[in-house]
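Structural overview for review
Here's the letter readout for the chains.
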Amino acid sequence: MTPSADPPALRLPFDASGLAADPLTTERLRLRPLETSDAPDVWEYQRLPEVLRYIPWPERSEEEAYEHTRTRAGMRRLVAAGDGVILAMELVGEPSVAADQAAGRNRVVGDVMLRVSNAEHAQLEIGWVLHPAFQGRGLAAEAAGAALAFAFERLRPHRVQAILDARNTASARLCERLGMRREATILEEEFHDGAWEDTAIYGILAREWAERG
Ligand SMILES: CC(C)(COP(=O)(O)OP(=O)(O)OC[C@H]1O[C@@H](n2cnc3c(N)ncnc32)[C@H](O)[C@@H]1OP(=O)(O)O)[C@@H](O)C(=O)NCCC(=O)NCCS
C-alpha cells in the first residue's frame, strides 16, 4: 500500500463539447470531439482488416460503421465509470475524404479515446487508432501525448491505463514512448477466432507524468 494524504478525485462531470470550439492543438494536429460528419474519414480506417486486428471492433458494413461513428460522436459527457469521449485527430492541411471538402475540412486520420475506468479511485483509460497510411510519423504519439496532458491537467486522474492485445507491438511501443509502464500481462483473457489471447496492461501515475516535465 502506498500512503498518500490526498484522496483520489476525478474532476467530474466533464463535458467535452467545449473542445469543439477550442480544440487541443499540436504541431501537426487538431484534437476535438468526434462528429457524425466525420464518418467518411473514419470509415477509411475502420474498414481495414489491419486496423481491426487488435481492437475490439467487429467487421461492420459502411452503414453500420456510420452508425457507430454517430454513437461515438455522442459520447461527450464524463460522469461515471464507463463514460468516454472520442477525440478526432484532424491532420492539418490533409483534405477530408468527406463530400463537403469545399469547406476546407481537415481529414480525420485517427482518434483517441479517454474513458473513466473507475471514478472513485480516479482511474482513466486511454486508447487510440490511426489510419495505416499515416502511421510511422509519430502522429499517434503526438495525439496521445496531448490527450494525456489534457487528461492529467483537466480531469486529474491518479493513474491512466491502456489495455492492449499483447501481440500489438506497435501499440506497446507507443505506450512506452508516452512513458507508460507495462504493469501486467494477463494470460488467455479473451477467446477470439478459435484461440485464447493475452492482454497487456500499461499504466502511468500522475506523479510519473509530472516527473516527465
Ligand atoms: C497503435 C498505433 C496507433 C501506433 O501508430 P504509430 O504511427 O506506429 O505510432 P507513433 O505515432 O508512436 O509513431 C511511431 C513510429 O513513427 C516513427 N516516427 C517518425 N517520425 C516520428 C516523430 N516525429 N516522432 C515520433 N516518432 C516518429 C517512429 O520511429 C516509430 O516507428 P517504429 O514504430 O517503426 O518504431 C497504430 O499502429 C494503429 O492505429 N494500429 C491499429 C489500431 C490499434 O491497434 N489500436 C490500438 C488498440 S490498443
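Everything below is about the structure shown above.
We now turn to the structure provided with this report. Keep in mind that this is a model prediction, so the values were computed, not measured.

A few words on the overall build of the chain. Along its length, the chain carries seven helices and ten strands. A compact globule built from 213 residues should have a C-alpha radius of gyration of about 17 Å, and the chain, at 17 Å, falls within 12% of that. With the C-alpha coordinates aligned to their principal axes, the bounding extent of the chain is approximately 55 × 45 × 30 Å. By residue count, 46% of the 213 residues in the chain fall in the buried class. Expressed as a percentage of contacts within the chain between residues at least 6 apart in sequence, the contacts between residues at least 24 apart total 65%. Carbon and sulfur atoms make up 49% of the accessible area of the chain, which totals about 11,100 Å².

Two elements, strand S3 (residues 29–33) and strand S5 (residues 84–95), share five bridges in a ladder whose sense is antiparallel. Pairing of leucine 29 across the sheet is with leucine 91, part of S5. Sheet topology places S5 next to strand S6 (residues 106–118); nine bridges connect them, and they run antiparallel. Bridging across to S6, alanine 88 finds its partner in aspartate 111.

Around the ligand, 20 residues are found, and the nearest of them are Trp128, Leu130, Ala140, Asn168 and Arg177. For the ligand, an oxygen atom lies 2.8 Å from a polar atom in the backbone of glycine 136. One nitrogen or oxygen atom from the main chain of glycine 138 is found 3.3 Å from an oxygen atom belonging to the ligand. Within the complex, 71% of the 940 Å² of free accessible area of the ligand lies under protein. Spatially, the ligand is embedded in the largest pocket. Every element with two or more residues in the shell around the ligand is listed here: strand S7 (123–130), helix H5 (139–155) and helix H6 (169–177). Top contributing element to the shell around the ligand by residue count: H6, with five residues.

Turning our eyes to something else, we now look at the side chain of asparagine 106. Its place among the elements puts asparagine 106 in strand S6. At a separation of 2.9 Å, a polar atom in the side chain of asparagine 106 contacts the side chain of glutamate 90. A polar side-chain atom of asparagine 106 sits 3.0 Å from the main-chain amide nitrogen of glycine 93. The residues touching asparagine 106, leaving out its near neighbours within four places in the chain, are Arg30, Asp41, Glu90, Leu91, Val92, Gly93, Glu94 and Ser96.

Looking now at the sheet that holds strand S10 (residues 195–205). Judged by pairing direction, the sheet is mixed, and its eight strands sit side by side in the order S2-S3-S5-S6-S7-S8-S10-S9 without closing on themselves. Each edge of the open sheet is held by one strand with a lone partner, namely strand S2 (24–25) and strand S9 (181–192). Across the sheet, H5 lies against S2, S3, S5, S6, S7, strand S8 (159–165) and S10, angled at about 160° from S7, the strand it touches most.

Attention now moves to helix H4 (residues 62–73). With twelve residues, H4 ought to run about 16 Å at 1.5 Å a step, and its terminal C-alpha atoms sit 16 Å apart, in line with that. Buried within H4 we find Ala65, His68, Thr69, Arg72 and Ala73. Axial view of H4: buried residues confined to an arc of 135°, hence all on one face. Buried positions along H4 lie against helix H2 (39–46), S5 and S6.

Moving on to H5. For H5, built from 17 residues, the straight-helix expectation of 24 Å at 1.5 Å per residue is met to within 8% by its first-to-last C-alpha distance of 23 Å. Taken across its 17 residues, H5 has 14 buried, putting it largely inside the fold. At the C-terminal side of H5, arginine 156 shows a positive phi close to 55°.

Definitions and limits used
Residues numbered from 1 in each chain as written. Predicted model: local features only at pLDDT ≥ 70, side-chain atom pairs only at ≥ 80, totals over all residues. Heavy atoms only, no water. Helix = DSSP H or I, 4+ residues; strand = E, 2+ residues; numbered from the N terminus. Rg over C-alpha atoms; globule rule 2.2 N^0.38 Å. Buried < 20%, exposed > 50% of the residue type's maximum accessible area, 1.4 Å probe, protein only. Contact = heavy atoms within 4.5 Å. Areas by Shrake-Rupley, 256 points an atom, 1.4 Å probe, with all protein chains shown as cover. Pairing = 2+ DSSP bridges. Near = heavy atom within 4 Å. Polar contact = N/O pair within 3.5 Å; in protein donor to acceptor, adjacent residues only side chain to side chain. 1 Å grid on protein atoms, 1.4 Å probe; cavity = no way out; pocket = protein on both sides within 12 Å on 5 of 7 lines; lining within 4 Å. Sits in = over half its atoms within 2 Å of the grid points. Axes fitted to C-alpha atoms, helices over the stretch in contact; angles between N-to-C directions. Expected span 1.5 Å × (residues − 1). Arc of directions from axis to C-beta.

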